[in-house]
Amino acid sequence: MFRNWRIGSVNGALLAAYFIPAWTLVAFSIMVAPVHGLYERPSVAVALFLSDNLQMAGMSTVRAAWLLALGRLTVVAFFAIYLALLCIPLTRRNGGSDEALGIALGIGSLISFASMVMASRVGEMAALRLHATELLLLLGAAIVLVIERPEAAPQAAQAPVKAPAPLALEQAELLHNR
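A short tour of the structure in this document, coming up. Owing to the predicted nature of the structure, the values given are computational and were not obtained by experimental measurement. (Residues numbered from 1 in each chain as written. Predicted model: local features only at pLDDT ≥ 70, side-chain atom pairs only at ≥ 80, totals over all residues. Heavy atoms only, no water.)

**Brief notes about the overall build of the protein**
Next, step 1: The number of helices and strands found in the protein is 7 helices and 0 strands.
Next, step 2: Within the protein, the proportion of its 178 residues that are buried is 34%.
Next, step 3: Surface accessibility of the protein: about 11,200 Å² in total, with carbon and sulfur atoms responsible for 68%. (Helix = DSSP H or I, 4+ residues; strand = E, 2+ residues; numbered from the N terminus. Buried < 20%, exposed > 50% of the residue type's maximum accessible area, 1.4 Å probe, protein only. Areas by Shrake-Rupley, 256 points an atom, 1.4 Å probe, with all protein chains shown as cover.)

**What about the packing of helix H3 (residues 44-52) against helix H6 (residues 98-122)?**
Two quantities define a packed helix pair, namely the angle between the axes and the distance from one axis to the other.
Next, step 1: Where H3 contacts H6, the axes come no closer than 8 Å and their chain directions differ by 60°. Regarding the angle of H3 to H6, the classification is oblique. Remark: the crossing between H3 and H6 carries left-handed chirality. Residues Ala45, Val46, Leu48 and Phe49 of H3 form the contact with H6, whose own contacting residues are Ser115, Met118, Ala119, Arg121 and Val122.
Next, step 2: Of the residues belonging to the contact of H3 with H6, the class tally is 7 nonpolar, 1 polar and 1 charged. (Axes fitted to C-alpha atoms, helices over the stretch in contact; angles between N-to-C directions. Parallel < 35°, antiparallel > 145°, perpendicular 65-115°, else oblique. Left-handed = near helix turned anticlockwise from the far one by under 90°. Contact = heavy atoms within 4.5 Å. Nonpolar A, V, L, I, M, F, W, Y, C, P; charged D, E, K, R; others polar.)

**Observations concerning helix H7 (residues 125-147)**
In an α-helix, one turn spans 3.6 residues, which is why side chains three or four residues apart end up on the same side.
Next, step 1: Under the 1.5 Å per step criterion, the end-to-end length of H7 is 32 Å for 23 residues, consistent within 8% with the ideal 33 Å.
Next, step 2: Those residues of H7 not exposed but buried are Ala127, Leu128, His131, Glu134, Leu135, Leu138, Ala141 and Leu145.
Next, step 3: The inward-facing, buried residues of H7 abut helix H1 (7-32), H3, helix H4 (58-86) and H6. (Expected span 1.5 Å × (residues − 1).)

**Comments concerning the layout of surface pockets**
Next, step 1: Size it by volume and the largest pocket reaches roughly 240 Å³.
Next, step 2: Of all elements in the fold, only H3, H4 and H6 reach the threshold of two or more residues within the lining of the largest pocket.
Next, step 3: A total of 5 residues in the lining of the largest pocket trace back to one element, the largest contributor, which is H6.
Next, step 4: Partitioning the lining of the largest pocket into residue classes produces 11 nonpolar, 2 polar and no charged. (1 Å grid on protein atoms, 1.4 Å probe; cavity = no way out; pocket = protein on both sides within 12 Å on 5 of 7 lines; lining within 4 Å. Points joined across faces, edges and corners; volume = space filled by probe spheres on them.)

**Structural notes on a nonpolar patch on the surface**
Next, step 1: A cluster of nonpolar residues, Phe28, Met31, Met59 and Trp66, forms a patch on the protein surface that exposes about 410 Å² of accessible area.
Next, step 2: Going through the elements one at a time, H1 and H4 are the ones with two or more residues in the nonpolar patch. (Patch = residues over 30% accessible without salt bridge, like charges linked within 9 Å, V, L, I, M, F, W, Y side chains within 5 Å. Salt bridge = Lys/Arg side-chain N within 4 Å of Asp/Glu carboxyl O.)

**A closer look at the packing of aromatic side chains**
Next, step 1: Applying the stated criterion across every chain yields a total of 3 aromatic pairs.
Next, step 2: Between phenylalanine 19 and tryptophan 23, the aromatic rings sit 5.1 Å apart at their centres with planes inclined by 85°, giving edge-to-face as the arrangement. Of this pair, phenylalanine 19 and tryptophan 23 both sit in helix H1, separated by 4 residues, roughly a single helical turn. Neither phenylalanine 19 nor tryptophan 23 differs from the other in exposure class; each is buried.
Next, step 3: Relative to phenylalanine 79, the ring of phenylalanine 19 has its centre 5.7 Å away and its plane inclined at 10°; by these criteria the two rings are stacked. Of the two residues, phenylalanine 19 is situated in helix H1 and phenylalanine 79 in helix H4; the sequence distance between them amounts to 60 residues. (Phe/Tyr/Trp six-rings, centres within 6.5 Å; stacked < 30°, edge-to-face > 60°.)

This is how it looks when you write it as structure tokens:
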């Protein structure tokens, strides 16, 4: 059963096993109570940066929180699509699920990098460690995805070439007679 699994497939599945529940809970807590959810540990750096540096009002902070939740849910959705495509053996072997994983890694890296920069600007060290760890996980998976290419499809077997028929009257075969 596990003979045709690539390292990138296993790595992506492990990443999805972490990011789907972790980011879904964060996104739903932001959707239920935007300001309270934004000031929880995974998003506190974004909240402090928005309030301190951008001086956003209440409704603008709520909109920014919903935008962050939407971005996190988008990453979760692409990881879920990746896991669904990973269950199909032919798609897994030829790398058809790598596109969904690439999109999830790209958007997730962007969110984690921006959150890490915001955490470093406001001096929130616990959030900085969290976002740096998530960013390193995502970048490591992206490197494995780029380096490891899917196996090439087998070439179709060609029909054997038949030997030419014997020449009539024992004529010599010249190049211009072909």
